[in-house]
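# Commentary on secondary and tertiary structure
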Amino acid sequence: MVEKYPIAAQVKTFAEIVAKEHGVELVHTEILGAKRDSIVRLFIDKDNGVTIDDCARFSSAVEERLDAEDTIPWAYVLEVSSPGIERGLYSLKDFVRFAGETARIKTSVEHNGQRNFSGLIKAVDKDVVLFEDRVSGLIEIPYEEVEKANLKMDFGKELKGRKEDRG
């Protein structure tokens, strides 16, 4: 995907380099607001989840790199955080990684008369997401038609698992 704004592409490039150096994954980058009021949001993750210290170290390193290169020539606020429990799915790689998990997908094109799906990511075949929707059953969604997607916390499953842990 081609970035709309060159600054956003530069921020993402620097953040990816810093992520590798710090052993974390850059999940998503956002730049919001106007030139006088910009917010740069970076979401990072790693296998066992990120800590506040991970976010702080990553934030300092990214800010140092961005300022040294004068990437953003105006004042900005840098926010670094975990993608959260119901994290966004921003790449085909995310769908592969989270196969077997519950998710929501909004598409740019209707499938079986609907654009919003909720269910289980079954698998990924080339560039097609195989998805078990609660309403439509098994559907094939070309990744290019995914407008927005995120994991969906299954609280029933989580609560059941906690009861089983207590014996």
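For the structure, check the block above.
Report on the accompanying structure. (Residues numbered from 1 in each chain as written. Predicted model: local features only at pLDDT ≥ 70, side-chain atom pairs only at ≥ 80, totals over all residues. Heavy atoms only, no water.)

### Things to note about helix α1 (residues 6-22)
The end-to-end C-alpha distance of α1, which contains 17 residues, comes to 24 Å, matching closely the 24 Å that a straight helix rising 1.5 Å per residue would cover. Those residues of α1 that fall on the buried side of the exposure criterion are Ala8, Val11, Phe14, Ala15, Val18 and Ala19. Buried residues of α1 fall within an arc of 145 degrees about the axis and therefore sit on the same side. Exposed and oriented more than 90 degrees from the buried face of α1 are Pro6, Lys20 and Glu21. In this fold, the buried residues of α1 make contact with β1 (25-32), β2 (38-45) and α2 (52-68). Note on α1: the residue one or two positions beyond its end, Gly23, has a positive phi of about 70 degrees. (Helix = DSSP H or I, 4+ residues; strand = E, 2+ residues; numbered from the N terminus. Expected span 1.5 Å × (residues − 1). Buried < 20%, exposed > 50% of the residue type's maximum accessible area, 1.4 Å probe, protein only. Arc of directions from axis to C-beta. Contact = heavy atoms within 4.5 Å.)

### So, the sheet that holds β2
Read from one edge of the open sheet, three strands run β1-β2-β3, paired in mixed fashion. The open sheet terminates on both sides in strands that have one partner only, identified here as β1 and β3 (76-81). Here the strands of the sheet are splayed against their neighbours by 15 degrees on average, with no regard to which way each runs. Here seven bridges tie β1 to β2, and the two strands are oriented antiparallel to one another. Bridge pairing links Glu25 to Asp45 in β2. Helix-sheet contacts for α1 involve β1 and β2, and the interaxial angle to β1 is about 150 degrees. Across the sheet, α2 touches β1, β2 and β3, and the angle it forms with β3 is around 145 degrees. (Pairing = 2+ DSSP bridges. Axes fitted to C-alpha atoms, helices over the stretch in contact; angles between N-to-C directions.)

### As for the nonpolar core
Grouped together as the largest cluster of nonpolar side chains are 19 residues, with contacts concentrated most on Leu42, Ile44 and Phe58. Listed by contribution, the elements that provide at least two residues to this core are α1, β2, α2 and β3. Looking at this core element by element, the count peaks at five residues for α1. Setting aside residues up to four positions removed in sequence, Leu42 forms contacts with Val11, Ala15, Leu26, His28, Thr29, Phe58, Val62, Leu78, Glu79, Val80 and Ser81. (Core = buried A, V, L, I, M, F, W, Y, C linked by side-chain atoms within 4.5 Å.)

### Remarks on the packing of aromatic side chains
The final tally for this structure, using the stated rule, is one aromatic pair. Look at Phe95 and Tyr143: their rings are 6.1 Å apart centre to centre, the planes differ by 75 degrees, and that puts the pair in the edge-to-face class. Note that Phe95 is positioned in helix α3 (residues 92-97) and Tyr143 in the loop between β7 (137-142) and β8 (146-151), a separation of 48 residues in sequence. Given the relative accessible area of 0%, Phe95 is considered buried. What makes Tyr143 partly exposed here is its relative accessible area of 25%. (Phe/Tyr/Trp six-rings, centres within 6.5 Å; stacked < 30°, edge-to-face > 60°.)

### Considering a negative patch on the surface
A cluster of acidic residues, Glu63, Glu64, Asp67 and Asp70, forms a negative patch at the surface. With respect to the helices, strands and loops of the structure, Glu64 is situated in helix α2. (Patch = residues over 30% accessible without salt bridge, like charges linked within 9 Å, V, L, I, M, F, W, Y side chains within 5 Å. Areas by Shrake-Rupley, 256 points an atom, 1.4 Å probe, with all protein chains shown as cover. Salt bridge = Lys/Arg side-chain N within 4 Å of Asp/Glu carboxyl O. Lys, Arg positive; Asp, Glu negative; His and termini not counted. Charge placed at Lys NZ, Arg CZ, Asp CG, Glu CD.)

### Section: the pairing of β3
Burial along β3 is one-sided: the residues Tyr76, Leu78 and Val80 are buried and none of Val77, Glu79 and Ser81 is. Bridge analysis of β2 against β3 gives six bridges, and the strand direction is parallel. Following the sheet pairing, Val40 is matched in β3 by Leu78. Considered for its hand, the β-α-β crossover made up of β2, α2 and β3 is right-handed. (Right-handed = clockwise from strand over helix to strand, strands pointing away.)

### Concerning the pattern of salt bridges
Under the definition given, this model contains twelve salt bridges. The partner of Glu79 in a salt bridge is Arg41, with the nearest N and O atoms 2.7 Å apart. You can see Glu79 sitting in strand β3 and its partner Arg41 sitting in strand β2, a full 38 residues away along the chain. Between Lys106 and Glu147 there is a salt bridge, with its nearest N and O atoms 3.7 Å apart. Residue Lys106 is located in strand β4 (residues 102-111), and its partner Glu147 is located in strand β8; the two are separated by 41 residues in the primary sequence. Residue classification places Lys106 among the partly exposed residues on the basis of a relative accessible area of 32%. Taking the relative accessible area as the measure of exposure, Glu147 reaches 46% and is therefore partly exposed. What emerges from the salt-bridge pattern is a single network uniting Glu25, Asp45, Arg87, Asp94 and Arg97.

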